[in-house]
Each structure stands twice: as C-alpha cells, then as structure tokens.
Amino acid sequence: MMEKNWVIKERGEGAVVRQLAGALGVSESLANLMVQRNITSPVEAHTFFNPSLEYLHDPFMMKDMNIAVDRLSTAIKKNEKILVYGDYDVDGTTAVALVYSFLKEQYSNVEFYIPDRYKEGYGVSFQGIDFAANNNCRLIITLDCGIKAVEKIKYARSKGLDVIVCDHHYPGDEIPKALAVLDPKQPGCSYPYKELSGCGVGFKLVHAYSKIQGIPFSSIASYLDLVAVSIASDIVPITGENRVLAYFGLKQLNESPRTGLKEIIREAEVSRALTVEDVVFKIGPRINAAGRMETGGKAV
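Note that the structure is predicted; figures quoted are calculated from it, not measured. (Residues numbered from 1 in each chain as written. Predicted model: local features only at pLDDT ≥ 70, side-chain atom pairs only at ≥ 80, totals over all residues. Heavy atoms only, no water.)

Quick look at the packing of helix α6 (residues 126-134) against helix α7 (residues 150-158)
Inclusion rule: For helices, the fitted axis covers only the stretch in contact; all axes are lines through C-alpha atoms, and the angles between them, taken along N-to-C directions, range from 0 to 180 degrees. Helix numbering and strand numbering both begin at the N terminus, where a helix is a DSSP run of H or I of at least 4 residues and a strand a DSSP run of E of at least 2. Each angle gets one of four labels, with under 35 degrees taken as roughly parallel, over 145 as roughly antiparallel, 65 to 115 as roughly perpendicular, and the rest as oblique. Put simply, a crossing is left-handed when the front helix is turned counterclockwise from the back one by less than a right angle, and right-handed when it is turned clockwise. The contact criterion used throughout is that any non-hydrogen atoms of two residues lie within 4.5 Å. Note that Gly is not counted as nonpolar here; it falls among the polar residues with everything else outside the nonpolar set of Ala, Val, Leu, Ile, Met, Phe, Trp, Tyr, Cys and Pro and the charged set of Asp, Glu, Lys and Arg.
The geometry of α6 relative to α7 is characterised by a closest axis approach of 10 Å and an angle of 20° between their N-to-C directions. It follows that α6 is roughly parallel to α7 by the angle criterion. Between α6 and α7 lies a crossing of right-handed hand. Residue-level contacts link F126, I129 and D130 of α6 to E151, K152, Y155 and A156 of α7. Considered class by class, the residues forming the contact of α6 with α7 number 4 nonpolar, no polar and 3 charged.

The following block contains the structure:
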C-alpha cells in the first residue's frame, strides 16, 4: 500500500493575510488560503475570482508567431495542402480537432494525421512525413509534439516540406530547424505564461491568424471546450492563462459542447454541471482509449 505524505503549506505572513482579509471583507482563513497561493493583493484576488478573456495574452508575444501566421496565410492564399499533425493522446487529438476544424471553416485543402501508437510511437514520425510528401502536402503543423524532433524535421525539409511546430514540452539541447517553432518553454521566447497545453498553443496560433484576418474572437471562442479538455486531461497547472481558458472552456462544455463531446458527456452519464474532475476521469480516458484500441484519428 502506498504511503501518503501530507505536506502542509506554511501559513501566510500575518500582516499580509490581515490586510487582504480587510480589503476583501473575507475571513482570515480564506485570505490565508489565497496568500498560500501567491494571491497577495485585492487586484490579484479579483483577477482570480473573476476570470476574463481580456486577461489572455497577445498571441504575437510568442516567439516565431509572426513567421507561423505569414506561412499559414501564404499556404491558404496559394491553395497549398496543409497537414495538421498531432499525437494520439487527449492533448494531441483535441489540438488537431481544434486547428483542423478551424482551418476547414476557412479552407478545404487540409487534412489531419495521427500516428499509430504501436507502429510509429510518440511524436513526429518518418512515416507521417512520408504520408505528407506522398499526399502533396506543402505545410505540416505539428501539435503537442515536434520540439525534440530534430532529425524528423530535417527529413521533412529534405522532402520540400515546411513545418510549423506547436508544442509545450521542454526542448532538448537543440531546437529543430523548422520554419517556425511555437513553444513558450523554448529559450528566447518572452511569452509571459509558460504552462499552456499543446492544444492551448494551437489555439494561440488560431487566435493570431484570426487577428490578422479580421476574424472576431467570438468566432473562435467556441473552440475553448477542446482547450479545457486538454488542460484538465494533460494535468497542466490551472493557473494564470490556463485558468481563464479552463473557466470559459468548462462554461462552453456545460452550455453548448460540440457534438462529439456532447455524446461523450452523455455516455459518461454526467447529469449535473461538469467539473474539471469529470473531464479528468470521465471524458479524457474515453478520448485516450481511441489511440490505445485502434487509432487516435477516431477521437479527432
């Protein structure tokens, strides 16, 4: 039996706790919980308790975002075939579903690819690149993978393919020489929030492209249900920007989820307001199962 080790957080500094409690008109116990979570001012408390889409950062703060949006715009203008490539887990499949669905609304010459868990393994594969080349694709957008695919991306370039990497994992010693690398954890990226999910990075690309094309944010807000599923299922911290995305994504899941997620919620027999816990234990595993049983493409 696994032994549990309780780690009790130290109480916040008394003066700060009392000042926050007084400013907010709440008990010192509640103020202490906030201080333990680094919420020490009334402004920070207001931001925490009242998430707003206005708190989302400008996607163009992310390194290489200008390059990525320019290349995506060129591909669409020239009617080049685009391959949206993502992993077979929940973060990967939700990211592919988001970017592919968005592009399909703007453009028809696009398809997606999910590698086989058992034949190709995790991440970008040589087989997936061959698929892109053999199907006349000119641009690959990788989601939730690619930051360590140095050799695979070199191979893609040798095939005449441009690659935009959208990832959220820590890079290795070498950054792949893709046309654009979107990853807030890479060196030299000044994006203020580092803990986005892979789907969250994909959403940032969609948001940036929409800003350039004059597509209103309200048109892409409906994809936040997918972002919320990725955040909860990939166990990324629900802090900062992720908290805003998860809040509005859960709202979307409860009020008007897309058809596929609506059916999963029905199968999971969730008859009340959906919570993050429900996503982690009831929705995420059902999406994950596709890649284990047959193909993650079924989940997409």
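Considering the pairing of strand β4 (residues 162-166)
Strand residues, when the strand is regular, have side chains that alternate between the two faces of the sheet. Selection criterion: Here the term buried applies to any residue with accessible area under 20% of the maximum for its type, exposed to any over 50%, and partly exposed to those in between, with areas from a 1.4 Å probe on protein chains only. When DSSP finds two or more bridges between two strands, those strands count as paired. Convention used here: a crossover is right-handed provided that the path from the first strand, over the helix, to the second strand proceeds clockwise when the strands point away from the viewer.
With 4 of 5 residues buried, β4 lies mostly within the body of the structure. For strand β3 (residues 137-143) and β4, the ladder comprises 5 bridges, and the chain directions are parallel. Bridged to I140 within β4 is V163. In this fold, the crossover linking β3 to β4 by way of α7 has right-handed handedness. Taken together, the 3 bridges between β4 and strand β5 (residues 180-182) define a ladder with parallel strand orientation. Residue pairing in the sheet places I164 in a bridge with A180 of β5.

Focus on the nonpolar core
Under the convention used in this document: We define a nonpolar core as any set of buried Ala, Val, Leu, Ile, Met, Phe, Trp, Tyr and Cys residues linked to one another through side-chain atoms lying within 4.5 Å.
Formed by 66 residues in total, the largest nonpolar core has its most connected members in I82, L98, L103, I141, L182 and I283. Take this core: its biggest share by element is 9 residues, from helix α5 (residues 90-106). Not counting residues within four places of it along the chain, the set of residues in contact with L182 comprises M62, K63, D64, M65, A68, I164, V165, C166, D167, V201 and L205. Formed by 18 residues, the second largest nonpolar core is a distinct cluster that contains Y113, I129, I140 and A149.

Thoughts on the side chain of R117
Which entries qualify depends on this criterion: Residues counted as positive are Lys and Arg, residues counted as negative are Asp and Glu, and His and the chain ends are not counted. A carboxyl oxygen of Asp or Glu within 4 Å of a side-chain nitrogen of Lys or Arg is what we treat as a salt bridge.
The residue R117 is located in the loop between β2 (110-113) and α6 in this model. One buried charged residue, R117, forms no salt bridge at all, with the nearest opposite charge on D89 at 7.3 Å. If near-sequence neighbours (up to four positions away) are discounted, R117 is found in contact with Y88, N288, G291 and R292.

Quick word on the environment of G92
Relative to the assigned elements, G92 resides in helix α5. Separated by 31 residues in the primary sequence, G92 and G123 place their C-alpha atoms 9.5 Å from one another. The contacts of G92, once residues within four sequence positions are left out, are G86, D87 and D144.

Concerning the pattern of salt bridges
Per the stated rule, a full pass over the model turns up 17 salt bridges. Across the salt bridge formed by E174 and K177, the nearest N and O atoms sit 3.5 Å from each other. Taking the relative accessible area as the measure of exposure, E174 reaches 40% and is therefore partly exposed. R266 is the partner of E267 in a salt bridge, and the nearest nitrogen-oxygen pair spans 3.4 Å.

Notes on unusual backbone geometry
Phi at N136 takes a positive value of approximately 60°, unusual for a residue other than glycine. Inspection of the secondary structure puts N136 in the loop between α6 and β3. Residue I235 is not a glycine yet carries a positive backbone phi of 55°.

Points about helix α1 (residues 14-24)
Keep this limit in mind: As used here, the arc belongs to the directions running from the helix axis to the C-beta atoms.
Residues V17, L20 and A21 constitute the buried set of α1. For α1, the buried positions fall inside an angular range of 100° around the axis, keeping them on one side. Within α1, the exposed residues directed more than 90 degrees away from the buried face are R18, Q19, G22 and A23. Next to the buried residues of α1 lie α2 (28-36) and α3 (42-49). Count one or two residues on from α1 and you reach G25, which has phi positive near 70°.

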